[in-house]
Amino acid sequence: MRNLRCAQRSVFKSDPAGLPPTATAWDASSDSLICAFGPSEASAIIKLKSLGPECENIDEARLIASWDAPSPLPDLAVDQILNLHCLAGAATATICLILSGGDIIVVREDPQPGEDQIEIVGSVDVGITAAAWSPDEELLAICTRANNLLFMTQDFESVANIAFTPEDVRVSAHVDVGWGKKETQFQGKRARALRDPTVPEHVDEGKLSPLDRGEVTISWRGDGEYVAVNSIEANRRRMIRVYSREGTLDSVSEPVDGLGGALSWRPSGNLMAGIQWLGDHADVVFFERNGLRHGQFSLRLTKDDLEGWANAISLVWNSDSTVLAVCYRDRVQLWTMGNYHYYLKQEIYCNGEAKSTDSAVVCWHPEKPLHLDVAINKTGSRLAALNNNSVTIYDISCITEERQMPALLGSCSLPVCRARQLAFCGDFLLYVLVDGDKASVTDLCRVQLDDLQCCSLTPQPSTLPITTLFTRTDHERILLQDSAGAVIEASLPINEDPTQLVCEAKGRFPESCARVEVWQNGDEVNCPSLTKAMVIFNVLMTPAQSILFGLSNRGYLYARATSGADYGRELVRNCTSFLIAPGHLIFTTSQHLLKFVHLHHNGKLEVPLDEPEKDERCRSIERGAKLVTVMPTACAVILQMPRGNLETIYPRALVLAGIRRSIDVRDYKKAFFACRNQRVDMNILHDYAPGQFMSSVALFVKQVKKVEYIDLFLSQLREENVAETVYKETLKELPDGTHRQVKETHTDGLSSDTPSTTLKVNRICDVFLDVLQSLGSKHLQNVITAHVCKMPPDLTAGLTLIADLRKQQDGLVEKAVEHICFLADVNQLYDHALGLYDLDVALLVAQQSQKDPREYLPYLQSLQELPQLRKQFAIDNDLRRHSKALVHLHALDAFDELRAYTVKHELYSNAISLYRYRPARLNELTKQYAEFLSSRNRFREAGIAFDYLSDYGSACDAYHAANMWRECLSSATSIPKPDEELLPLASSFADGLVESKDFVAAASVQLDYLHDVESAVRTLCRGYFFAEAMRVVGLHHRRELLESVVDQGLVEGSASMTEMLAEMKTQLGAQVPRLRELRVKKAEDPLAFFDGVLGDGADIPDNISLAPTDTSTSGGTFMTRYTNRSNGTLSTTATHKTSKNRRREERKRARGKKGSVYEEEYLANSIDRLIERVNSIGEEVQRLVEGLMRRTMRERALAVENTMVEVVEACKACVDEVFQVENPVGPKSGEDGGFDEDARPSGGDGVLWDAEAERTRKKEPPLVKVFQRLSLLS
């Protein structure tokens, strides 16, 4: 815990002549405090009162009950309340009191008929020494004066009675290894090496302290499973006994000299806290559940303190185990632990009676960890004093070594010794908030640091008592909070009267706030530790330009401004800390996330989602980490971990924001180093503002300067636009267009109407080359890098540059070769160097490689001896650049070698292009190419090539192989072929065309080449081309064919068409109702639909998933019923995910068997195919109807047309129902309504997954074409 400051102080002073307060308890249901007054020596009356949150004094408290409680024991003069507890689990508000005289009393605030308001439910005759309720209120532990421990239920029935005996000490055989003690620490080789470090020099015997008052203490562990009792055993030693919930003795504590009666078990369960009196000081000692010691820390007490106000000490942990309250007679100290060290955070003075024998009564709130009540005979409280009645000023600027004391500048006495808070204002003013003479009055003092003079201040106009004092981060003004929760800004009046303050109220938030900060035009104003109420305030600028943020004690983060409808709202409900940085609100959440919210003038405050892997504004942090400060210039955030250590992180949101700001002001050096240090992709330097960067490359080179840094940038270039992907800007465009205008200036330098086809990387490298080449040899290395970093790498240009340097006898050649070999693959460089035909450059590159000189030197020497063209051919041939090698052969005029080289490497097109103006050699190469095409079954191209050469015989064979009947018959007639060869060829083509249902083409062959009119007419009728058939009959004057062929074809066509349409109609009538039935069943009981489990009256899970898991050992999945899976273990070798099962499941899906899970998909696809078939036969039906009418077959035509109309209408009627897109039921679906591909199972289950995914995928329903009826029939 970093700080522990008073958030609210309420003082309720009782009547001094009345009953004293003796016990308190929190009522969590009403958030009120139950106070018990009495009994006392003057009066044996007990009064119970309820102090609600609205009460301002004790007189407004509601009286619950009052009764006489005389002491039942003769040796007890005044009875005493040992335990006061509000039973939260009771049906009505019930309060339980346990008195030392032995009575157990229940007080009901609203008794039901037949119930008494005050009832003594039990009594222990011998008296009670201690009592405590378990955290779950199911058990009550009571220690009696007879050294017995009683366990009682909530109905006050005894369930256990355990007696304390001396033999209890034998239950634990302690083995102490000296954890945390000096004896077990390393002391060097000269220490007592022969002594066993686990055996302490002194063994405690458990001697009682003279300050021991003999009290008994009971404390439960936070989970209620164990209870500890601290009591004196046989007047010889104190012993802590630990019992289980069933009353079994679990362990006892080891002997500790001077152990006191205080005991408090930390709710988290790891430690029990006690007090050890050591004569001149006192320690808080800790025990484990097994009774062994586990560390301690010393209280800041002197011997005089122990003899005075510190001789009675009690301990109480708060509900979340973060604060330990050490209670004395007149004060309470609050201690917290960080990094295994205990810190004193607060000291609350209670002004108790000096002669009181008991410590102050502290009661922590059960649900609000940092709410506590302190009760004592004289009530009154104040915060920790600053050096009693003075303020001491130290100078810490002179500290240069660890643990060095700061320099004392002086001290100033305060009017009263009740200083509460202080705040610096400027370099020479210190404001101190002190308590006035009255409990409800606070004063403000100002200390002049130069002369240490103190004066009291009077706020003008007068305000309510001030509860909190804080300052702005600029330390120019102070801000106050009054008891009503309002925040006011204080400043000196115009006349600079040192005793006057002008105060201006600023407002408030909906509820209490522990921290408040203000955002002001990108500047931050920090107001740490606001206490009473949520507030808003404005500094320096107009109200419309400021936003105030406040964090309540409940973790609610609020934002509010004097203008703007979006700011007066609740941002998050799980905030643990927050800070303001220029442009960002930064806060941590209880989900261990660090989030950033953009701050701008007119836009909305958009809180990012919990997606650290997707959004730069959200980042995972260590559990329990909280913000300490932010360093905007360093783009760093400092966090404090739960164990106390500080860690600095560089969140991506701050880093990218800083990079973008640097790019906006063209500070590319700062942006570059930010990318380099934080490992940000340097493509953002270009992608965030492409046009600006392309025009500022010279500025970039001038700012970055170093050659290595420019190389680093060029080497990281890639095509991805990181400003739109990994580093997408999360700041939305503003309503006033500010952000939009910036983006418009950041567009690419090219016109937006003519998008560039050049790659981004190449475009950047070209601009860098233009700039770097003008700077001389200083950036030679960068020039080479720019060539190599292109996509693809321009190795030729880089090697050409090296060749030019070599010709100039430049001394940079060797350095340039080393650099280019470092950037690129040296083997590729060697090949490119050979491709330049510059053997000297190739030799330089080879020397930088791992090649064996015995291999490349003879090869280079052999090339050097060849003529230039032959050398170029040899190099290109060795580099497998066959096209260029062919060009060199053409230049050498070696046609025979070229022809052989062409055949070898299949370079026919290149060779033909080289000899396109030499017909003889062109025809020879073309013939070779045609033969090559025929050998590769590329008959169409081969036939064209043979046609080009006028080789009609070869062309006819090639066309015949390609089934090109027109070209083949044309080539056959060009030979010309005799009829005995031509007719079989045409007949084979006609039969093939009929088989392929190309009836028009088949009829053309039969008419033109076979001269068979009757066969041609019959073929046309088979394809429903009755009009063409009648034309052919009339053209060839074969009228007898109308009755013998055409009419017969019409009758057969009408019969087959009517039968097919009837089948379609029947299919629709059967499949559409079945599909409707399946969907109704699935909607009513999806679990039964997928798994076959009856869902009537059963609880059906709402998270149905069809994806099995490897760890499942159940008897199957939701597909078991339909895939015939066995009931064996799914995690065995037979995982049902093999390809065999997948193929079997695919066959089941294709069949769509009735009753299977694939039936719905099968029916929908079947209807889809039917509609496609109906659309395809529409023209055939029209031709058939027209033919029937022309041949006076009206009734047949009407029957076919009516049936077709009925089928079309049925298809239209079912489209909307069959092809609707439903939400998925079963497998896991993604956020966009589709299926999550990552969750797809494998094997047979994946087939069902694919089926469901296909069913739910959005698709357009088929379009049913309109059937145009013949008007003569309608």
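Residues numbered from 1 in each chain as written. Predicted model: local features only at pLDDT ≥ 70, side-chain atom pairs only at ≥ 80, totals over all residues. Heavy atoms only, no water.

Caption draft 1: Representation of the pattern of salt bridges in the model. For the structure on display, the rule yields 50 salt bridges. For the salt bridge of Arg1074 with Glu1159, the shortest nitrogen-to-oxygen distance reads 2.7 Å. With a gap of 85 residues between them, Arg1074 in helix α28 (residues 1040-1084) and Glu1159 in helix α32 (residues 1159-1176) connect regions that are remote in the sequence. Counted as one network, the salt bridges with shared partners bring together Asp212, Arg213, Glu215 and Arg238. (Salt bridge = Lys/Arg side-chain N within 4 Å of Asp/Glu carboxyl O. Helix = DSSP H or I, 4+ residues; strand = E, 2+ residues; numbered from the N terminus.)

Caption draft 2: Examining the sheet that holds strand β13 (residues 217-220) more closely. Ordered by their spatial adjacency, four strands build an open sheet running β13-β14-β15-β16, and the pairing between neighbours is antiparallel. The sheet terminates laterally at β13 and β16 (249-252), the two strands that pair on one side only. On average, each strand axis in the sheet is inclined to that of its neighbour by 25°, with strand direction left out of account. Here eight bridges tie strand β14 (residues 226-233) to strand β15 (residues 237-244), and the two strands are oriented antiparallel to one another. (Pairing = 2+ DSSP bridges. Axes fitted to C-alpha atoms, helices over the stretch in contact; angles between N-to-C directions.)

Caption draft 3: Fine view of helix α24 (residues 979-995). With 17 residues, α24 should cover 24 Å at 1.5 Å per step; its first-to-last C-alpha distance of 24 Å lies within 8% of that length. For α24, every residue scored as buried is listed here: Leu982, Leu985, Ala986, Phe989, Ala990, Leu993 and Val994. Where α24 is buried, its residues touch α22 (952-961), α23 (965-974), α25 (999-1008) and α26 (1013-1022). (Expected span 1.5 Å × (residues − 1). Buried < 20%, exposed > 50% of the residue type's maximum accessible area, 1.4 Å probe, protein only. Contact = heavy atoms within 4.5 Å.)

Caption draft 4: Structural view of the sheet that holds strand β18 (residues 272-277). Spatially, β17-β18-β19-β20 is the arrangement adopted by the four strands of the open sheet, whose pairing is antiparallel. Edge positions in the sheet fall to β17 (259-265) and β20 (293-298), since each has one partner strand and no second. Within this sheet the neighbouring strands show an average axis-to-axis angle of 25°, counted without direction. Bridge count for β18 against strand β19 (residues 282-287) is six bridges, and the pairing is antiparallel. Among the inter-strand pairings, Ala273 is bridged to a residue of β19, identified as Phe286.

Caption draft 5: Inspection of the environment of Leu501 at higher detail. Within the secondary structure, Leu501 sits in strand β36 (residues 500-507). Distance from Leu501 to Glu489, taken between C-alpha atoms, is 9.5 Å for residues twelve residues apart in sequence.

Caption draft 6: Representation of the side chain of Glu254 in the model. Tracing the sequence through the fold places Glu254 in the loop between β16 and β17. Among the polar contacts made by the side chain of Glu254, one reaches the main-chain amide nitrogen of Arg293 at a distance of 2.7 Å. (Polar contact = N/O pair within 3.5 Å; in protein donor to acceptor, adjacent residues only side chain to side chain.)

Caption draft 7: Spatial organisation of the packing of aromatic side chains. Taken as a whole and assessed by the stated rule, the structure comprises 27 aromatic pairs. Ring centres of Phe693 and Phe768 lie 6.2 Å apart, and the angle between their planes is 40°; on these two criteria the pair is classed as tilted. With Phe693 in helix α5 (residues 690-694) and Phe768 in helix α9 (residues 760-773), the pair connects residues that are 75 residues apart, well separated along the chain. For Phe768, a relative accessible area of 0% translates into the label buried. Centre to centre, the rings of Phe895 and Tyr915 are 5.3 Å apart; their planes meet at 85°, and the pair counts as edge-to-face. Linking Phe895 in helix α18 (residues 895-905) with Tyr915 in the loop between α19 (908-914) and α20 (919-935), this pair joins segments that are 20 residues apart in sequence. Each member of the pair, Phe895 as well as Tyr915, carries the same accessibility label: buried. Three or more aromatic residues joined by ring pairs form one cluster here, namely Tyr668, Phe672, Phe673, Phe693, Phe700, Tyr709, Phe713 and Phe768. (Phe/Tyr/Trp six-rings, centres within 6.5 Å; stacked < 30°, edge-to-face > 60°.)

Caption draft 8: Representation of the packing of α26 against helix α27 (residues 1026-1035) in the model. Interaxial distance between α26 and α27 falls to 8 Å at its minimum, and their mutual angle equals 165°. The pairing of α26 with α27 is recorded here as roughly antiparallel in orientation. Judged by the sense of rotation from one axis to the other, the crossing of α26 with α27 is left-handed. When α26 is examined against α27, the residues Val1013, Val1017, Leu1020 and Cys1021 are found in contact with a partner set consisting of Phe1026, Glu1028, Ala1029, Val1032 and Val1033. A class-by-class count of the residues in the contact of α26 with α27 yields eight nonpolar, no polar and one charged. (Parallel < 35°, antiparallel > 145°, perpendicular 65-115°, else oblique. Left-handed = near helix turned anticlockwise from the far one by under 90°. Nonpolar A, V, L, I, M, F, W, Y, C, P; charged D, E, K, R; others polar.)

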